[in-house]
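Okay, here's what each chain looks like letter by letter:
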Amino acid sequence: MSVDPRRLAHAIRFLAMDACERVGEGHPGTPLGAADIATALFTRHLKFNPADPLWFDRDRFVLSAGHGSMLLYALLHLTGYASMPIEAIRSFRELGSACEGHPEYCPAHGIEATTGPLGQGVANAAGMAVAEAFLAAQLGPGIVDHRSYAILGDGCLQEGVAQEVTSLAGHLRLGKLCWLWDDNHMTDDGAIGIAQSEDLPARFRAAHWQVLEVDGHDIDAVDAALSLARRDPRPSLIACRTVIGRGLPGVEGTRAAHSGKLTRALTDAARRALDWPHPAFEIPAEIAAAWREAGRRSLPDYDAWRGRVAALPVEKRRLLDRLREGRLPAGWADGLRAYAGRAAAEGLTQHGWKTCGELVDLAAAAIPEMLAGAPDLEAATQHKRRLHAFTAKDRAGRYLHYGVREHAMGSMLNGIAAHGGVVPSGVTYLVFSDYERPAFRMAAMMGLPVLFAFTHDSIGIGRNGPTHQPVEYLASLRAIPNLLVFRPADAVEAAECWELAIGHRGGPSCLIFARQPQMAVRREAGENRSARGAYVIAEAEGGPRAATILATGTEVALALQARALLAAEGLSVAVVSMPCWELFEQQPRDYRAAVLGEAPRIGVEAAVRLGWDRWIGAEGPFIGMSGFGASGAEEDLWRHFGITAEAVAAAVRARVAGPA
Amino acid sequence: MASLAPSPDAPNPALDAQAAILARPATEERRMADAIRALAIDAVEKAKSGHPGMPMGMADVATVLFTRFLKFDASDPRWPDRDRFVLSAGHGSMLLYALLHLTGHAGMGIEELQRFRQLHSPAAGHPEYGEHPGIETTTGPLGQGLANAVGMALAERILAARFGKSLVDHRTWVIAGDGCMQEGISHEAASLAGHLQLEKLCVLYDDNSVTIDGGTDLSFTDDTLKRFQAYGWAVRRVDGHDAAAVEAALAWAMRSRRPVLLACRTIIGFSAPTKAGTAGSHGSPLGPNEAAAAKSALGWNYPPFEVPDGIRARWEEAGRRGAGTRRAWLKRLAKHPMQAEFERAVAGRLPEAWHEPLAELRQKHAVDRPKLATRVASQKALEALVPAVPEMIGGSADLTGSNNTNVKGVPSIARGNFAGRYVHYGVREHGMAAAMNGMALHGGIIPYSGTFLVFADYMRPAIRLAALMRQRVIHVLTHDSIGLGEDGPTHQPVETLASLRAIPNLVVFRPGDAMETAECWELAVKRADGPTVLALSRQNLAAFRSDAGENRCARGGYVVEEASGPRRATLIATGSEVGTALAARAALEAEGIPVAVVSLPSWELFAAQDASYQAQVLGEALRVGIEAAIPFGWERWLGPEGLFVGMHGFGASAPAEDLFRHFGITAEAVANAVKKRLG
Ligand SMILES: Cc1ncc(C[n+]2csc(CCOP(=O)(O)OP(=O)(O)O)c2C)c(N)n1
Ligand SMILES: Cc1ncc(C[n+]2csc(CCOP(=O)(O)OP(=O)(O)O)c2C)c(N)n1
Ligand SMILES: [Mg+2]
């Protein structure tokens with residue numbers, strides 16, 4: 001390449017500066033500081049093809065320091081992504097622009113993950129590296145052989161999730177994972193020294209990473225480090241010592257570079273300092289051409305890969321196509337349906353975690369790309385079963401021991417899903433879902449089909465006490481847009497819900513189970529009744545509805561018991577099971593009205609009331625929790641908190657007797 | 001919990017090591033430790049549930065700590081200058097209960113241990129703050145205790161800087177396991193502790209190489225000592241079953257000028273003949289045979305729950321070890337010039353005239369009616385509060401300039417300088433919130449700190465625990481809606497208010513102007529029995545209040561503007577949308593439609609009002625909720641026929657005004673919706 005590579009980096013700098021200046025907003029510090037790192041990566045190492053952004057065997061690049069979004073947009077523009085014309089750059093941070101404040105997931109446009117919340121991107125990249133290793137074991141290195149890169153800042157490394165991932169990635173020897181640390185000693189509050197004084201390379205070495213320390217403004221040095229990273233079986237951290245906002249005279253190296261407002265005077269000064277006489281948003285032809293060439297660098301690899309794919313045996317080829325398109329194998333749900341049938345016939349009553357484990361086992365048997373796992377709760381959740389572990393030595397394993405690292409698990413599941421080709425699921429106690437919650441939000445925003453399973457869903461867990469008893473979780477999960485929250489009542493509904501969740505390809509699902517036995521409430525299977533979100537599981541008998549009891553999960557059985565008690569007194573009561581509120585909301589108004597009925601409604605759920613008023617009205621009686629739980633025997637707790645069939649029946653009686 | 005007991009023929013190298021240790025002559029200290037083991041075994045057997053492994057493994061270390069190092073006096077577990085002991089590995093709760101029992105703490109008699117894990121027993125499944133005064137914090141969710149301890153150690157330094165060493169000079173000890181070390185929060189907390197060189201913090205790491213899944217080789221092979229060394233900690237490894245070695249290591253820890261990590265090599269379930277060294281002893285009863293064999297391996301030939309008098313006497317002596325020190329401290333306190341101030345701060349009572357500067361600020365707001373972002377209004381409130389309430393310690397997770405949590409002239413805390421009153425927590429929301437819990441639990445400090453509202457998710461486990469423990473911790477969460485604009489959906493909370501409102505005992509405020517912000521701050525500081533969230537705007541908001549008398553936010557919701565005639569509608573809004581509601585009201589009134597506006601800054605406080613007040617505020621007319629967030633939960637206030645103007649999914653990246661228009665959260669949209677409904 002004849003063009004001075006430093007000028008290539010300047011092209012990134014000025015696009016970033018011009019965009020930030022124009023909108024009067026944004027974070028110039030990272031794109032300016034990391035421009036040289038990115039130039040080394042994109043012009044000499046990254047395997048990608050802007051003409052086919054979805055090329056399955058491309059390297060994955062995640063900008064974990066998402067505030068530096070203009071770095072990514074500039075790279076996509078310069079390397080020739082059709083979706084990133086200069087007009088997009090000019091409209092940075094305007095409504096409808098492809099250049100949003102932070103990168104928003106759109107792999108077809110070269111954006112591999114939504115980033116901004118610090119620490120998420122590095123975890124996503126590690127998940128991608130897991131997916132790569134897993135698929136390489138299934139499809140062979142001729143078809144899957146790519147690397148996962150992330151650019152990250154000090155902020156990502158301060159976040160706990162990054163340490164969880166560091167530890168796990170080192171343990172798993174994810175050798176194709178490479179983190180480029182924009183080591184600029186600067187965060188939002190100022191110089192790093194006000195809040196941190198650790199020896200970061202030592203910490204990574206302690207976690208079995210290769211650590212390389214280079215001058216991040218020396219493109220050849222970064223290049224050489226990237227080459228070393230490729231040759232080492234360990235994951236690599238390249239500490240690139242940089243100056244934040246490099247190129248902005250008087251501002252570079254200061255806190256103001258992080259997100260300070262750029263004035264015309266400043267960008268003019270930068271133009272003089274870097275000898276860049278070109279007008280705003282204009283890239284000189286030879287530099288533009290050199291960048292385009294960089295964007296075509298991988299074409300030989302691309303063509304060779306297509307050749308290898310074309311030569312694959314038909315079966316393998318079909319498998320590859322299915323995986324990259326994210327289609328599930330034919331008949332994948334048969335086992336789940338058969339299970340529902342058996343459970344209905346037998347009246348299967350068993351521990352919620354056990355049912356969940358059996359269903360994951362069946363799903364995994366039918367879906368070879370399913371990768372399950374848990375953060376150190378294998379014994380309590382029993383989801384491993386026939387699966388063996390994904391380890392440093394065995395990449396074909398389909399169960400990942402995440403260690404006690406819920407947040408890493410959640411964010412890595414997102415990365416696995418964003419990579420494509422793998423169906424990721426993870427299970428833990430519902431109460432610890434809070435530790436991974438930032439990942440749910442990201443999955444929902446990205447529309448990733450991740451399966452988040454949870455057991456131990458209420459005070460029904462008993463003696464472990466309030467720290468382990470969710471009460472506010474159903475509400476807090478239901479509040480997240482674009483997330484399906486399933487809480488099945490019994491094994492039949494459980495199978496139905498798992499089928500719905502796996503089949504839901506446009507977003508994540510939470511599947512929530514009890515620790516204690518879930519009583520059989522459905523004695524018929526066939527039609528997937530959970531698909532409508534809520535349905536009448538027992539209509540009022542012997543007369544019009546005097547009341548309707550709405551319940552979810554283990555409380556459906558309580559509602560049915562209450563119904564029986566009331567029937568004995570001559571009160572005709574219907575029971576509605578509501579395994580998934582979100583799906584119910586999507587039903588036609590008539591259906592919803594018919595299910596909910598005109599009679600007084602009573603809600604039952606071993607959780608807080610928030611959200612229930614929608615179904616039962618502000619005056620409707622609710623049997624549930626009004627605060628945290630307690631440590632004690634399960635039976636004692638149900639009585640103590642008044643969540644019993646008798647209490648439900650009493651509430652119905654009182655409500656029917658007079659206006660609320 | 002299903003157990004992963006080893007199959008009978010699997011080799012178990014821990015058993016050889018165990019045999020060697022058991023072959024050592026049983027010292028008196030060993031016998032004292034065995035008392036802990038026996039009680040843990042018995043309590044778990046009786047409850048038929050619990051975690052025997054950890055207490056059995058760490059009994060020797062805990063014995064050395066409690067008999068020789070920990071500064072405490074069992075007769076006054078709340079003595080302010082006691083050392084703090086945190087059982088971060090909370091599943092090993094029987095270790096703590098046994099220690100409290102044996103050292104002679106009232107309220108933890110043998111009956112209580114016999115009722116381990118029963119409803120209303122202070123010996124709950126996991127240690128619960130408030131169940132017994134000797135329990136310093138609620139633990140169980142792994143990693144939290146360690147981060148609490150960092151907050152306690154920081155609190156000690158801050159109070160020592162304020163009141164002097166003669167009143168404040170104690171240590172913070174933690175027992176943490178592999179699980180705590182794997183959790184990301186341990187990274188955040190340990191990095192901060194190393195940075196601040198909290199030298200009186202000592203973590204006893206139960207380095208037993210076992211977690212629930214089995215050996216740590218399954219998932220956790222990094223070198224934890226090197227990792228902590230990298231944080232700037234002093235580290236050392238010790239045989240956790242060798243009391244003399246542990247004693248020497250603890251003596252070394254006492255001299256350290258850095259926080260200490262002492263990795264105690266132990267055998268989980270020590271003394272169990274087959275389950276020792278395995279996950280099988282982690283979280284289920286040993287079973288009668290294994291339990292009996294474990295005791296006999298120890299030479300412990302007493303009936304369940306029986307501790308021989310000699311051993312009991314030695315333990316009770318240990319419980320009195322600190323009595324003299326405490327009496328001397330009481331004497332010093334009695335003569336100390338700051339006695340009253342110390343007692344006030346530690347008791348959590350606010351200074352006499354604490355609210356006067358705030359009252360003045362409110363008077364000023366009433367006159368000036370400043371148009372401010374509520375985050376800036378919050379800063380103004382802090383300018384009034386922080387000088388008046390010396391126990392308030394501020395901070396931010398690397399967003400000081402955005403959260404406006406700092407007060408001009410108030411110095412930061414730094415290594416070696418704990419006279420400051422502001423903590424740069426770094427981009428460590430989770431560690432921050434858990435450390436704040438620890439500071440509040442320590443006493444003498446009211447911690448407040450900030451981040452963006454959307455990142456409340458990162459610290460949610462700690463917020464939950466503050467609520468469960470009813471601690472006065474104040475979170476300043478700014479950038480509370482799409483009103484933050486260009487940063488886009490990752491930064492725009494839409495579900496966050498609902499998810500916080502779901503947490504019991506947490507009070508969530510979303511004030512709508514500078515006056516309300518000052519009022520909410522007053523309420524937050526006054527709230528001694530629980531945590532508070534202040535959700536604040538990035539964007540400027542016009543003032544709507546010019547009365548400074550009664551704190552109107554105290555009722556949670558109130559009528560800001562009554563309708564000019566019989567109400568046709570009531571617009572109910574929070575935060576930045578109160579202004580929207582008022583503008584909509586003006587438009588509707590101009591068309592002859594009488595409409596009232598209600599501000600609802602705190603659902604929790606409003607829900608606590610009597611029904612007649614609520615009914616009077618909400619009215620009988622059409623109710624319209626307005627909040628730049630999802631409607632989840634709003635049905636409670638709006639009823640089945642109510643309207644809601646807000647968000648129905650994630651936000652977008654654009655200037656704030658564009659977004660409010662794009663998502664239809666404008667006065668016009670509200671007025672149109674009302675007119676359409678009224679026909
Ligand atoms: C989880 C999370 N917390 C806080 C923020 C707000 N934030 C954005 S950038 C930043 C500082 C990041 O520092 P660094 O990664 O070093 O980036 P640099 O300043 O070097 O660009 C912070 C705190 C965030 N985006 N995500
Ligand atoms: C945040 C969180 N995640 C998961 C758990 C469930 N859990 C309890 S103990 C434990 C394993 C802990 O291992 P370790 O700390 O080594 O304790 P040990 O088995 O040695 O007693 C797990 C995963 C928890 N209590 N908290
Ligand atoms: Mg930085």
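These numbers were taken from a predicted model, which means no experiment stands behind them.

Chemist: For this particular structure, what's the right way to read the overall build of chain B?
Modeler: Within chain B, the secondary structure is distributed over 27 helices and 20 strands. The C-alpha radius of gyration computed for chain B amounts to 28 Å, which stays within 12% of the reference 26 Å derived for 679 residues, consistent with globular compactness. With the principal axes as the frame, chain B shows a C-alpha extent of 95 × 60 × 45 Å. Of all 679 residues assigned to chain B, the portion counted as buried reaches 69%. The contacts in chain B between residues at least 6 apart in sequence include a share of 79% that link residues at least 24 apart. Computing the positive centroid from 70 side-chain charges and the negative centroid from 73, chain B places the two 4 Å apart.

Chemist: Help me understand the site of ligand 2, please; the structure alone is not making it clear to me.
Modeler: Around ligand 2 lies a shell of 22 residues, among which E406 of chain A together with H91, G179, N208 and H282 of chain B are the nearest. At the site occupied by ligand 2, nearby residues are drawn from chains A and B. Contact distances for ligand 2 include 2.8 Å between a nitrogen atom and a backbone N or O atom of G140 of chain B. In this structure, D178 of chain B approaches ligand 2 through a side-chain N or O atom, which is 3.1 Å from an oxygen atom. Summarising the interface, the protein chains cover 99% of the accessible area of ligand 2, which totals 580 Å² for the free molecule. Broken down by secondary-structure element, the contributors of at least two residues to the shell around ligand 2 are α7 (178-182) and β4 (210-211) of chain B.

Chemist: Could you clarify how one ought to interpret the side chain of E369 of chain A in this entry?
Modeler: Residues and elements named next belong to chain A. Mapped onto the fold, E369 is located in the loop between α17 (352-366) and β9 (370-374). In terms of polar contacts, E369 uses its side chain to reach the side chain of R322, at 2.7 Å. The contact partners of E369, leaving out residues within four places of it in the chain, are F134, R322, L323, R327, L328, P329, G421, V422 and V423.

Chemist: Could you clarify how one ought to interpret helix α23 (residues 555-568) of chain A in this entry?
Modeler: The α-helix advances 3.6 residues per turn, and as a result positions three or four apart in sequence lie on the same side. All names here are of chain A. Compared with the 20 Å implied by 1.5 Å per residue over 14 residues, the 20 Å span of α23 between its first and last C-alpha is a close match. Of the surrounding elements, those touching the buried residues of α23 are β16 (535-538), β17 (547-551), β18 (573-577), β19 (601-604), α27 (634-640) and α28 (645-657). Where α23 terminates, the next one or two residues include G570, which has phi positive at roughly 90°.

Chemist: So what exactly am I meant to see when it comes to the coordination of the magnesium ion (ligand 3) here?
Modeler: In an ideal octahedron of six donors the angles at the metal are 90 or 180 degrees, and in an ideal tetrahedron of four donors they are 109.5 degrees. Residues and elements named next belong to chain A. Looking at the magnesium ion (ligand 3), the protein donor atoms are D154 (OD), N184 (OD1) and M186 (O), and they sit 1.9 to 2.1 Å from it. One chain supplies every donor to the magnesium ion (ligand 3), and in sequence these donors are spaced D-x29-N-x1-M. Of the two residues, D154 is situated in helix α7 (residues 154-158) and M186 in strand β4 (residues 186-187); the sequence distance between them amounts to 32 residues. We classify M186 as buried; its relative accessible area is 10%.

Chemist: What is the right way to look at the site of ligand 1 in this model?
Modeler: Neighbouring ligand 1 are 22 residues, the closest being T30, N184, M186 and H258 of chain A together with E429 of chain B. Each of chains A and B places residues near ligand 1. In the model, a nitrogen atom of ligand 1 is placed 2.8 Å from a nitrogen or oxygen of the G116 of chain A main chain. Compared with its free state, where it exposes 590 Å², ligand 1 has 99% of that area covered by protein. Counting only elements with at least two residues in the shell around ligand 1, the list comes to α7 and β4 of chain A.

Chemist: Can you help me understand the packing of helix α2 (residues 28-47) of chain B against helix α4 (residues 93-102) of chain B in this one?
Modeler: Packed helices, taken two at a time, are described by the angle between their axes plus the distance between the axes. All names here are of chain B. Between α2 and α4, the least distance of the axes is 9 Å, while the angle of their chain directions is 120°. Accordingly, the angle class assigned to the pair α2 and α4 is oblique. Seen along the crossing, α2 lies across α4 with a hand that is right-handed. Contacts between α2 and α4 involve A35, I36, L39, A40, A43 and V44 from the first element and M94, L95, A98, L99, H101 and L102 from the second. For the contact of α2 with α4, the class distribution of residues is 11 nonpolar, 1 polar and no charged.

Chemist: For this particular structure, what's the right way to read the sheet that holds β16 of chain A?
Modeler: All names here are of chain A. Across the sheet, which stays open at both edges, the 5 strands sit in the order β16-β18-β17-β19-β20 with mixed pairing between neighbours. Among the strands making up the open sheet, the edge pair consists of β16 and β20 (622-623). Sheet analysis places β19 next to β20, joined by 2 bridges and oriented parallel. Among the inter-strand pairings, V604 is bridged to a residue of β20, identified as I623. Contacts from α23 reach β16, β17, β18 and β19, with the element oriented near 175° to β18.

Chemist: Before we go on, may I ask you to explain the nonpolar core in this structure?
Modeler: Grouped burial of nonpolar side chains is what soluble globular proteins tend to show. W179 of chain A together with W233, L500 and L571 of chain B are the most contacted members of the largest nonpolar core, which has 269 residues in total. At 13 residues, helix α6 (residues 120-139) of chain A tops the list of elements feeding residues into this core. Among the nonpolar cores identified, the runner-up in size contains 72 residues, and A14, L65, L95 and L298 of chain B belong to it.

Chemist: Just to check I follow, could you spell out the pairing of β9 of chain A for this structure?
Modeler: As a general feature of sheets, a regular strand has side chains that alternate between the two faces. All names here are of chain A. Where burial is concerned, most of β9 is hidden: 5 out of the 5 residues are buried. The side-chain alternation of β9 yields two buried faces, one formed by M370, A372 and A374 and the other by L371 and G373. In terms of strand pairing, β9 meets strand β11 (residues 423-429) through 2 bridges, oriented parallel. Directly across from M370, in β11, lies its bridge partner V423.

Chemist: Looking at this model, I keep getting lost on the pairing of strand β12 (residues 451-455) of chain A. Mind explaining?
Modeler: Residues and elements named next belong to chain A. When you tally the buried positions in β12, you get 5 out of 5 residues, the bulk of the element. Judged from the 5 bridges that link them, β11 and β12 form a sheet pairing that is parallel. Residue pairing for β12: S425 is matched across the bridge by L451. Once the chain exits β11 it traverses helix α20 (residues 433-446) before rejoining the sheet at β12, and the crossover so formed is right-handed. Of the strand pairs in this sheet, β12 and strand β14 (residues 509-512) are connected by 4 bridges, and their pairing is parallel. Its bridge partner lying in β14, F454 is registered against I512.

Chemist: Is there a simple way to explain the packing of α20 of chain A against helix α19 (residues 456-469) of chain B in this structure?
Modeler: Where α20 of chain A meets α19 of chain B, the axes come as close as 7 Å, and the angle between the chain directions of the two elements is 155°. Relative to α19 of chain B, α20 of chain A is oriented roughly antiparallel. At the point where α20 of chain A passes α19 of chain B, the crossing takes the right-handed sense. Facing D434, Y435, R437, P438 and R441 of chain A of α20 of chain A, the residues of α19 of chain B in contact are D457, Y458, R460, P461 and R464 of chain B.

Chemist: I'm lost on the pattern of salt bridges in this one. Help?
Modeler: Two side chains bearing opposite charge may form a pair once their charged atoms approach each other closely. Residues and elements named next belong to chain B. Here the structure, examined in full by the defined rule, presents 82 salt bridges over all chains. Between E519 and R362 there is a salt bridge, with the nearest N and O atoms lying 3.4 Å from each other. With E519 in helix α21 (residues 514-526) and R362 in helix α15 (residues 356-368), this pair connects stretches of sequence that are 157 residues apart. Residue class for E519 comes out buried when judged on its relative accessible area of 0%. Each of R362, E519, E522, R545, D547 and R552 takes part in one network of salt bridges that share partners.

Chemist: How should I be thinking about unusual backbone geometry in this particular structure?
Modeler: A negative phi angle characterises most non-glycine residues, just as the trans form characterises most peptide bonds. If you check the backbone angles, R385 of chain A has positive phi at about 45° while not being a glycine. Residue placement: R385 of chain A occurs in the loop between α18 (378-381) and β10 (399-401). Although it is not a glycine, R117 of chain B adopts a positive phi angle of roughly 70°.

Chemist: In this structure, what is going on with the sheet that holds strand β7 (residues 236-241) of chain A? I would like to understand it.
Modeler: In a beta sheet, neighbouring strands pair by backbone hydrogen bonds and run either parallel or antiparallel. All names here are of chain A. The strand order across the open sheet built from 5 strands is β1-β2-β3-β7-β6, with neighbouring strands paired in parallel fashion. Both outer strands of the open sheet, β1 (60-63) and β6 (210-215), are each paired with one neighbouring strand and no more. In this sheet, adjacent strand axes meet at a mean angle of 15° when their direction is disregarded. Pairing geometry for strand β3 (residues 177-183) and β7, over 6 bridges, is parallel. Bridging across to β7, D182 finds its partner in C240.

Chemist: Got a minute to help me understand the environment of S577 of chain A in this structure?
Modeler: Residue and element names in this part refer to chain A. You can see S577 is positioned in strand β18. You can call S577 buried: its relative accessible area is 0%. For the pair S577 and S530, spaced 47 residues apart in sequence, the C-alpha separation works out to 8.5 Å. In this view, S577 contacts A489, E493, G533, A534, Y535, I537, A551 and V556; residues no more than four positions away in its chain are not counted. A polar atom in the side chain of S577 sits 2.6 Å from the side chain of E493.

Chemist: What is the right way to read the side chain of S411 of chain A from this model?
Modeler: Residues and elements named next belong to chain A. Structurally, S411 is set in helix α19 (residues 406-419). Here S411 falls in the buried class, since its relative accessible area comes to 0%. A polar side-chain atom of S411 sits 2.8 Å from a polar atom in the side chain of Q120.

The rules behind these values
Residues numbered from 1 in each chain as written. Chains lettered and ligands numbered in written order. Predicted model: local features only at pLDDT ≥ 70, side-chain atom pairs only at ≥ 80, totals over all residues. Heavy atoms only, no water. Helix = DSSP H or I, 4+ residues; strand = E, 2+ residues; numbered from the N terminus. Rg over C-alpha atoms; globule rule 2.2 N^0.38 Å. Buried < 20%, exposed > 50% of the residue type's maximum accessible area, 1.4 Å probe, protein only. Contact = heavy atoms within 4.5 Å. Lys, Arg positive; Asp, Glu negative; His and termini not counted. Charge placed at Lys NZ, Arg CZ, Asp CG, Glu CD. Near = heavy atom within 4 Å. Polar contact = N/O pair within 3.5 Å; in protein donor to acceptor, adjacent residues only side chain to side chain. Areas by Shrake-Rupley, 256 points an atom, 1.4 Å probe, with all protein chains shown as cover. Expected span 1.5 Å × (residues − 1). Donors = N, O, S within 2.8 Å, 3.2 Å for Na, K, Ca; no water. Axes fitted to C-alpha atoms, helices over the stretch in contact; angles between N-to-C directions. Parallel < 35°, antiparallel > 145°, perpendicular 65-115°, else oblique. Left-handed = near helix turned anticlockwise from the far one by under 90°. Nonpolar A, V, L, I, M, F, W, Y, C, P; charged D, E, K, R; others polar. Pairing = 2+ DSSP bridges. Core = buried A, V, L, I, M, F, W, Y, C linked by side-chain atoms within 4.5 Å. Right-handed = clockwise from strand over helix to strand, strands pointing away. Salt bridge = Lys/Arg side-chain N within 4 Å of Asp/Glu carboxyl O.

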